[in-house]
Protein chains: 2
Amino acid sequence: MKRPTIMDIARRAGVSKGAVSMALNGQPGVSEATRRRILQVAQELDWHPNNAARALSAARAGAIGLVLARPARTLGVEPFFFQLISGLQAELSERRIALLLQVVDDHVAEMELYRQWWSERRVDGVFVIDLRAQDERVRLLEKLGLPALVIGGPGHHGELPSVWADDAHGMRSIVTHLTGLGHKRIARVAGLPELLHTQRRTAAFREATRGLAGWTVSTDYSGEQGAEATRRLLAAPEPPTAIVYDNDVMAVAGVAVAAELGVPVPERLSVVAWDDSPLCQLLHPQLTALTRDTFAFGARAARALLDVLDGAGGGDLEDHVPELVARESTAPPAQ
Amino acid sequence: MKRPTIMDIARRAGVSKGAVSMALNGQPGVSEATRRRILQVAQELDWHPNNAARALSAARAGAIGLVLARPARTLGVEPFFFQLISGLQAELSERRIALLLQVVDDHVAEMELYRQWWSERRVDGVFVIDLRAQDERVRLLEKLGLPALVIGGPGHHGELPSVWADDAHGMRSIVTHLTGLGHKRIARVAGLPELLHTQRRTAAFREATRGLAGWTVSTDYSGEQGAEATRRLLAAPEPPTAIVYDNDVMAVAGVAVAAELGVPVPERLSVVAWDDSPLCQLLHPQLTALTRDTFAFGARAARALLDVLDGAGGGDLEDHVPELVARESTAPPAQ
DNA sequence: CTGTTAGCGCGTTCAG
DNA sequence: CTGAACGCGCTAACAG
């Protein structure tokens, strides 16, 4: 009743260990008849490969790592992460590869973990998120030779392969939507300014709002800072008539602040959220949002990393373009 | 420059493989001097144990599994999960044990995964969440002999060890708060009714509201259903003056619905959220909520499972009592 | 007590 | 198709 090994199958099928291995792996070297018999016996014994043994002989861990280094309080991005992880993993599990998840405080801990994982061969590769300009993690990963894929990566010229979305396009569609409604004073409440994708969006925003009054304020992605930024923006002598938020949680916080200040949305202030979530549809007014299929994005990222591990791929892979969903929180500016 | 093995250390230190192993593991059998020399060499070579090899010889995977089987759309519980996972993992990583996370559609897939993980010895144990009455997973886990710990478990008489919080106490503190304010008509928007912890809360709520008008409606934890339930409650001939929501997202949705219907919170309707989150503090009014230290809860759960794996422990472990934080969304009922 | 040797764990691979 | 060795670390039995 103990776990059967290949030797058990071999004995019972009257063949050698090697033959069983080939049969089980669909390798040539055994006759069809023997193969069937062996598979039959394996079935009977309910044999399953021991992962550790496989990993040892294959010199592969059968696992991919993902480190979340955002501080815990920056909870705003969760819906995104949850979807992303689901997607990553849907793809990985097809290939029976595990996802190792670890939450750490900062990049220092994250890098330490990469060293550890790789030195112990706990993972075959890692996903890297929230890249910064001159990110030290990139250097480390390259030095270590730990295969990595950057999610939402640099877009171009990256040292590491990456999968990314066309932020510029998304930003244009938002601004076009707002200007189409007649807005001329558009503010943006951005996420962490050191992140590359924030910078890309900022550049795209600047470009798209050329000729208008458009300005960006930075936050750490948290609802608190989103609220605070909104408060400041609305207190200005010439407040914006529309605000674009870099995530859904800040948008929600912004709407709450507007309500608190007696600024009706969308009559006096239009609001757009980058990243959709059920939350956006629960509020009143429902939030106009840029939706992207984060699950699919994750799946693509996983496939891309697997390709890299298989020796194929590399380079950049552009994801599908996000789509703007106009709901109730955007309207022509007052008067 | 290739990964050094124990043999490399042995050669370089002029001793045998076995000696190195003992030295490295702090086992007796080598002199202090030799041990130091060996450790020195290991350091120089930057040796790290190969996880697969260790797992193979120790017959342990060095990993714990966690399956999330909630349907993806039930996003309401995410803040909770994120905290929980962080907590689990903070504790596991201390012991260099990995957390394998997998998201699946339903319990069938979840159970299939348990079989697979265990048959391949991918994990040493698993965390089980959202237990139901007569949960089929429990039977499977016992049949397999896969060590498991139920999170938010049955509380008592469970077949599997569990860690749980005193829901009854939390519920009492909520109801006491509301009745203290003068409320006599209290409704509750509950989560999935088949979950044991929902049932526990329902029972506690019934008990605590004895003598008052108190009633519970069920949802799937999603914001949509929370909104829908709120709509129905407020449309009743004698609507409640206070509503208790089983999670934060439904509470947020409920407040939005109240606003939409022109029911001011807290003047005409008091709202309490079970589970706090930054969200609760961002809205206006800020939500009165039952906060629990989910991170710590996760850490305790992890420790409990590790104890089980070490042969110790078992049984139930009660977590700290959640605490009610009164904010702006609760007030005496109108007139 | 200090250290060595042999062999295990489990699946893969390759010369024969 | 078989036999043997390998990957890497652990450990029991044994010798100095």
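Parameters at a glance
Residues numbered from 1 in each chain as written. Chains lettered and ligands numbered in written order. Predicted model: local features only at pLDDT ≥ 70, side-chain atom pairs only at ≥ 80, totals over all residues. Heavy atoms only, no water. Near = heavy atom within 4 Å. Polar contact = N/O pair within 3.5 Å; in protein donor to acceptor, adjacent residues only side chain to side chain. Helix = DSSP H or I, 4+ residues; strand = E, 2+ residues; numbered from the N terminus. Nonpolar A, V, L, I, M, F, W, Y, C, P; charged D, E, K, R; others polar. UniProt positions renumbered as here; feature names shortened; annotations may be inferred. Domains from an automatic or database assignment. Phe/Tyr/Trp six-rings, centres within 6.5 Å; stacked < 30°, edge-to-face > 60°. Buried < 20%, exposed > 50% of the residue type's maximum accessible area, 1.4 Å probe, protein only. Lys NZ or Arg CZ within 6 Å of the ring centre and 35° of its normal. Contact = heavy atoms within 4.5 Å. Least-squares fit on C-alpha atoms with pLDDT ≥ 70 in both. Pairing = 2+ DSSP bridges. Right-handed = clockwise from strand over helix to strand, strands pointing away.

> I'd like a rundown of the protein's contact with DNA strand C, residues and numbers included.
The local shell around DNA strand C holds 25 residues, among which K17 and R54 of chain A together with S16, S31 and T34 of chain B are the closest. In this structure, a base nitrogen belonging to DNA strand C sits 3.2 Å away from a main-chain N or O atom of G29 of chain B. Counting residues per element, the ones that place at least two in the surface near DNA strand C are α2 (17–24) and α4 (51–58) of chain A together with α2 (17–24) and α4 (51–58) of chain B. Classifying every residue of the surface near DNA strand C by side-chain character gives 9 nonpolar, 13 polar and 3 charged.

> Summarise the protein's contact with DNA strand D; cite the residues concerned and give the values.
Residues in close proximity to DNA strand D total 26 residues, the closest being S16, S31 and T34 of chain A together with K17 and R54 of chain B. The sugar-phosphate portion of DNA strand D accounts for 61% of its atoms within 4 Å of the protein, the bases making up the rest. In this structure, S21 of chain B approaches DNA strand D through a side-chain N or O atom, which is 3.2 Å from a phosphate oxygen. For the surface near DNA strand D, the elements supplying multiple residues, two or more each, are α2 and α4 of chain A together with α2 and α4 of chain B. Its residues placed into classes, the surface near DNA strand D shows 9 nonpolar, 14 polar and 3 charged.

> Got a sec to walk through the UniProt feature "domain: HTH lacI-type" (unreviewed entry) in chain A? Specific residues and values, please.
UniProt annotation of "domain: HTH lacI-type" (unreviewed entry) refers to residues 4–58 of chain A when read in the numbering used here. Across residues 4–58 of chain A, the secondary structure splits into 69% helix and 0% strand, with the terminal C-alpha atoms separated by 20 Å.

> I'd like a description of the domain arrangement of chain A, backed by residues and values.
Split into domains, chain A comes out as domain 1 (6–48), domain 2 (63–165 + 294–318) and domain 3 (167–291). In this structure, domain 1 of chain A and domain 3 of chain A have C-alpha centres spaced 62 Å apart.

> Report on the packing of aromatic side chains, specifying residues and quantitative values.
This structure, assessed with the given rule, holds 2 aromatic pairs over all chains. Centroid distance F80 of chain B to F81 of chain B: 5.8 Å. Interplanar angle 65 degrees. Geometry classified as edge-to-face. The same class applies to F80 of chain B and to F81 of chain B, which are both buried. It is R121 of chain A that lies over the ring of W118 of chain A; its NZ or CZ is 3.7 Å from the centre.

> Describe the side chain of T198 of chain B, listing the residues and the values that go with them.
Within the fold, T198 of chain B resides in helix α9 (residues 196–208). Setting aside anything within four residues of it in sequence, one finds T198 of chain B in contact with R188, A190, G191, L192, P193, Y221 and D246 of chain B.

> Account for the relation of the copies chain B and chain A, naming residues and giving values.
With an RMSD of 0.1 Å, the operation that places chain B on chain A is a rotation of 180 degrees combined with a shift of 0.0 Å along the axis. The transformation just described matches what one would write down for a two-fold rotation axis.

> A description of the pairing of strand β4 (residues 148–151) of chain A should follow, citing residues and the corresponding values.
Residue and element names in this part refer to chain A. Along β4, one buried face is formed by A148 and V150 and the opposite face, lined by L149 and I151, is buried too. Summarising the sheet, strand β3 (residues 125–129) and β4 pair through 4 bridges and their orientation is parallel. Its bridge partner lying in β4, V128 is registered against V150. A crossover connection joins β3 to the parallel β4 through helix α7 (residues 136–144); in handedness this β-α-β unit is right-handed. Where β4 and strand β5 (residues 162–164) come together, 2 bridges link them in parallel fashion. Its bridge partner lying in β5, I151 is registered against V163.

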